[in-house]
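Take a look at the letters that make up each chain.
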Amino acid sequence: AQKITQTQPGMFVQEKEAVTLDCTYDTSDQSYGLFWYKQPSSGEMIFLIYQGSYDEQNATEGRYSLNFQKARKSANLVISASQLGDSAMYFCAMREGRNRDDKIIFGKGTRLHILP
Amino acid sequence: GAVVSQHPSWVICKSGTSVKIECRSLDFQATTMFWYRQFPKQSLMLMATSNEGSKATYEQGVEKDKFLINHASLTLSTLTVTSAHPEDSSFYICSARDGGGWGTEAFFGQGTRLTVV
């Protein structure tokens, strides 16, 4: 069964608008971490934001915020005031557990296109 | 943030040859590194977890004899694709975590684009 679900294969958004990328997850662990990564066409994986399962506040990093709804098992990424440089592939990911060797698994990704 | 360096960035090899990809943590010690594979327009699929000084843990369906992983030091893990075939052409990317515990994201190398002809 899929542990990370991203239902939006692609999105088109006008520059300067806010955008929400959806992510739902499935785990029976109490301790887990949720991540969002950006992958531009160059292929590198750029870390954007992290939310721990015990964090009560939604994580924020500059223009990025994570809308964490634990009961719904959702961890949507919100990008405010989108820019042309935000066009990329975005992956939601989860780590079950808190150990160094706990692996991170990825969703299928959402390709975001920012329109001028 | 921590830096993970991967080399080479791209490689073209003939079918039947072997290719080695290096993943180095430049400013931290990584007892664990992860190797992923990504086909075009698809997600990252975990291949194996590389543990310093011990055998790698492979995900189901990944051939350990084909994808040899060596993690001989705290800053270097290598992935060798043996007897490569065109279907092994893919984007391979490694990651490592700087320490354990909460909130430590995995840092990724730049990735290696392998083309087998």
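In this text, all values refer to a predicted model and were calculated from it rather than measured experimentally.

> Just checking my understanding: could you explain the state of the cysteines for this structure?
Here a disulfide denotes one covalent bond, and it connects the sulfur atoms of two cysteines. Throughout the structure, instances matching the rule amount to two disulfides over all chains. Bridging Cys23 of chain A to Cys92 of chain A, the disulfide has an S-S length of 2.0 Å. Its torsion about the S-S bond being -65°, the disulfide of Cys23 of chain A and Cys92 of chain A is classed as left-handed. Of this pair, Cys23 of chain A sits in the loop between strand E3 (19-21) and strand E4 (24-25) while Cys92 of chain A is found in strand E10 (residues 88-96), placing the two residues 69 residues apart along the sequence. The exposure class of Cys92 of chain A is buried, given its relative accessible area of 0%. Through a disulfide, Cys23 of chain B is tied to Cys94 of chain B; the S-S separation comes to 2.0 Å. Its torsion about the S-S bond being 85°, the disulfide of Cys23 of chain B and Cys94 of chain B is classed as right-handed. On the criterion of sequence distance, the pair formed by Cys23 of chain B in strand E3 (residues 19-25) and Cys94 of chain B in strand E9 (residues 90-97) is long-range, its members being 71 residues apart. Accessibility assignment for this pair places Cys23 of chain B and Cys94 of chain B in one class, buried.

> Explain the pattern of salt bridges to me, please; I cannot follow it from the model alone.
Once their charged atoms are close, side chains differing in charge can pair, the charge on each being opposite to the other. Evaluation of the coordinates by the stated rule reveals five salt bridges over all chains. Residue Asp86 of chain A is joined to Arg63 of chain A by a salt bridge in which the shortest nitrogen-to-oxygen separation is 2.8 Å. Separated by 23 residues along the polypeptide, Asp86 of chain A in the loop between strand E9 (74-79) and E10 and Arg63 of chain A in the loop between strand E7 (60-61) and strand E8 (64-69) bring together distant segments of the chain. A relative accessible area of 23% means that Arg63 of chain A is categorised as partly exposed. Across the pair Lys103 of chain A and Glu59 of chain B runs a salt bridge, and its minimum N-O distance is 3.1 Å. Here Lys103 of chain A, found in the loop between E10 and strand E11 (104-106), pairs with Glu59 of chain B, found in the loop between strand E6 (57-58) and strand E7 (67-73), and the two come from separate chains. Owing to a relative accessible area of 34%, Lys103 of chain A belongs among the partly exposed residues under this scheme.

Thresholds applied
- Residues numbered from 1 in each chain as written.
- Chains lettered and ligands numbered in written order.
- Predicted model: local features only at pLDDT ≥ 70, side-chain atom pairs only at ≥ 80, totals over all residues.
- Heavy atoms only, no water.
- Disulfide = S-S within 2.5 Å.
- Helix = DSSP H or I, 4+ residues; strand = E, 2+ residues; numbered from the N terminus.
- Buried < 20%, exposed > 50% of the residue type's maximum accessible area, 1.4 Å probe, protein only.
- Salt bridge = Lys/Arg side-chain N within 4 Å of Asp/Glu carboxyl O.

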